[in-house]
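Coordinate analysis (summary)
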Amino acid sequence: MAFVEFTAKEQIGILTINRPNALNALNDQVIRELDQVLDSIDVGTIRCVIVTGAGEKAFVAGADIAQMSKLTKAEGEAFGKLGNDVFRKLETLPVPTIAAVNGFALGGGCELCMSCDIRLASETAVFGQPEVGLGITPGFGGTQRMARLVGMGKAKELIYTARNIKAPEALAIGLVQAVYPAAELMAEAEKMANRIAGNAPIAVRACKKAINDGMQVDIEAGEVIEEKLFGSCFETQDQQNAMTAFIEKRKHDPFVNA
Ligand code: HXC
C-alpha cells in the first residue's frame, strides 16, 4: 500500500492515511487502498481501530482537488459513490472506530472523521466543509452526517458558509468528544481504544450495531433491534463469564470474544 498503513498493537488497529506531501488528500488510489485495508481487518483479533493522518499538520485536507478539477458530471458522481461506499464500510465496520484528528480535517477529511464512531481532536485540529467555496457540494456524506451529528441548523450554517472551525468550537458543538494537546492525542486515543478493547467484544459490537441501525428507524423499530442484539449476548461465553464472576464477587476472566 502506498498511501494507507495499518498496524496492529495487540487488540488495537491503527489506520493511517499516509500522503503527507499533499496533507493526506484523498485521491481515488487512497480511497481504494482504504477500502482494501478495511476489508482486511480481522475483527476476531482487532477490537478497536484508530484512524489518523500521517505528519503533524493534517488529518486529511480533503479530497484531491487537482484530481477533481477535471471531472465530468458522470465522473464526479462516480467519485462521490466511491467515497460514499468506502466511508459507509468504515462507518459500519463491526468494531468501534476512533478518529484521532491531528490537524486539518477539511472536506473529505471532515467527512472521513464523521464516518468514525468517536472523534478525538488535537488542539491544532481544524474542521470544515469548504466545498461551496470550490463550486461543489460535500460529496462523501458531509451533508448527511454533519446534520446527524451536530443538528441541521449548525450543519447548514457550517456548510453554507464554508467556515472552518477550530477544535474548541468543534468540541462545543459536539462534533468532537474531547480535545488534547497534539503530543498527547495518540496516547489518549490508544487509552480509550484499550478501554473499549477490555470490554466484552461481542457486546461492544452489538452496541455499535444497535446505535447505528437504530438511528435509521423509528424508536419502536430501534427497540426491536436492541432486543434482538441484547438476546444474542446470552449465547456468549463472555456474558456467562462476567455475570458469574459478579455473583461470585470476583473479577471476571479476560473476555474471549466468544
Ligand atoms: C490536493 C492538496 C489538498 C487537497 C493540500 N494539498 N490540500 N492537494 N487536494 N485537498 C497540497 C497542496 O497543494 C500542497 O502541495 C501541499 O498539500 C501543502 O498544502 P499547502 O496549501 O501548501 O499548505 P498550507 O498553506 O499550510 O495550507 C493548508 C490548507 C490548504 C489550509 C489545508 O492546503 C487547503 O486549503 N487545502 C484544501 C482544503 C480543501 O478545500 N479541502 C476540501 C476539498 S473538497 P504542493 O505540491 O504545492 O506542496 C473535498 C470534497 C470531498 O474534499 C467530496 C468529494 C466527492
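So, here's what we can say about the structure. (Residues numbered from 1 in each chain as written. Predicted model: local features only at pLDDT ≥ 70, side-chain atom pairs only at ≥ 80, totals over all residues. Heavy atoms only, no water.)

In space, the four strands of this open sheet follow the order E4-E6-E8-E9, with mixed pairing throughout. Edge positions in the open sheet fall to strand E4 (58-60) and strand E9 (165-166), since each of these has one partner strand only. As paired elements, strand E6 (residues 104-106) and strand E8 (residues 126-128) share three bridges and run parallel to each other. Pairing of Ala 105 across the sheet is with Phe 127, part of E8. (Pairing = 2+ DSSP bridges. Helix = DSSP H or I, 4+ residues; strand = E, 2+ residues; numbered from the N terminus.)

It is worth spelling out helix H8 (residues 185-197) at this point. For H8, which comprises 13 residues, the first-to-last C-alpha distance of 18 Å matches the rise-based estimate of 18 Å (1.5 Å per residue) to within 8%. Those residues of H8 that sit buried are Leu 185, Glu 188, Ala 189, Glu 190, Ala 193, Ile 196 and Ala 197. (Expected span 1.5 Å × (residues − 1). Buried < 20%, exposed > 50% of the residue type's maximum accessible area, 1.4 Å probe, protein only.)

What follows deals with the site of the ligand. Lys 57, Ala 61, Ala 63, Ile 65 and Gly 108 are the nearest of the 22 residues found near the ligand. Ala 63 has a polar backbone atom sitting 2.7 Å from an oxygen atom of the ligand. Note that a nitrogen atom of the ligand is positioned 2.9 Å from one of the backbone N or O atoms of Ile 65. Contributions of two or more residues to the shell around the ligand are made by helix H2 (65-68), E6 and helix H4 (108-114). Partitioning the shell around the ligand into residue classes produces 13 nonpolar, five polar and four charged. (Near = heavy atom within 4 Å. Polar contact = N/O pair within 3.5 Å; in protein donor to acceptor, adjacent residues only side chain to side chain. Nonpolar A, V, L, I, M, F, W, Y, C, P; charged D, E, K, R; others polar.)

A separate point is the state of the cysteines. For the structure shown, the criterion picks out zero disulfides. Cysteine Cys 110 is unpaired, with the sulfur of Cys 113 as its nearest cysteine sulfur at 4.7 Å. This cysteine, Cys 207, is not joined by any disulfide, and Cys 233 carries the nearest cysteine sulfur, 7.2 Å off. (Disulfide = S-S within 2.5 Å.)

If you trace the six strands from one edge of the open sheet to the other, you get E1-E2-E3-E5-E7-E10, paired in mixed fashion. One side of each edge strand has no neighbouring strand; the edge strands of this open sheet are strand E1 (4-9) and strand E10 (178-180). Pairs of neighbouring strands in the sheet enclose a mean axial angle of 20°, with direction left out of account. The sheet contact formed by strand E2 (residues 12-17) and strand E3 (residues 48-53) spans six bridges and is parallel. If you follow Leu 15 over to E3, its bridge partner there is Val 51. (Axes fitted to C-alpha atoms, helices over the stretch in contact; angles between N-to-C directions.)

Below, the discussion takes up a nonpolar patch on the surface. Judged by side-chain polarity, Ile 65, Leu 134 and Ile 136 come together as a nonpolar surface patch covering roughly 260 Å² of accessible area. Tracing the backbone shows Ile 136 in the loop between E8 and helix H5 (142-150). (Patch = residues over 30% accessible without salt bridge, like charges linked within 9 Å, V, L, I, M, F, W, Y side chains within 5 Å. Areas by Shrake-Rupley, 256 points an atom, 1.4 Å probe, with all protein chains shown as cover. Salt bridge = Lys/Arg side-chain N within 4 Å of Asp/Glu carboxyl O.)

The subject of this paragraph is the packing of H5 against helix H6 (residues 152-161). Close contact between H5 and H6 brings their axes to 7 Å; oriented N to C, the two are set at 135°. When the axes of H5 and H6 are compared, the pair comes out oblique. Remark: the crossing between H5 and H6 carries right-handed chirality. Each of Gly 142, Thr 143, Met 146, Ala 147 and Val 150 in H5 lies in contact with H6, whose residues at this interface are Met 152, Lys 154, Ala 155, Leu 158 and Ile 159. When its residues are assigned to classes, the contact of H5 with H6 shows seven nonpolar, two polar and one charged. (Parallel < 35°, antiparallel > 145°, perpendicular 65-115°, else oblique. Left-handed = near helix turned anticlockwise from the far one by under 90°. Contact = heavy atoms within 4.5 Å.)

Let us now look at the pairing of strand E5 (residues 97-101). The buried count for E5 comes to five of five residues, which makes it a mostly enclosed element. Where burial is concerned, the two faces of E5 agree: the one with Thr 97, Ala 99 and Val 101 and the one with Ile 98 and Ala 100 are both buried. Relative to E5, E3 runs parallel, the two sharing three bridges. By the bridge assignment for E5, Val 51 is matched with Ala 99. Pairing between E5 and strand E7 (residues 118-122): four bridges, direction parallel. Residue Val 101 lies in a different strand from E7, and its bridge partner there is Ala 121.

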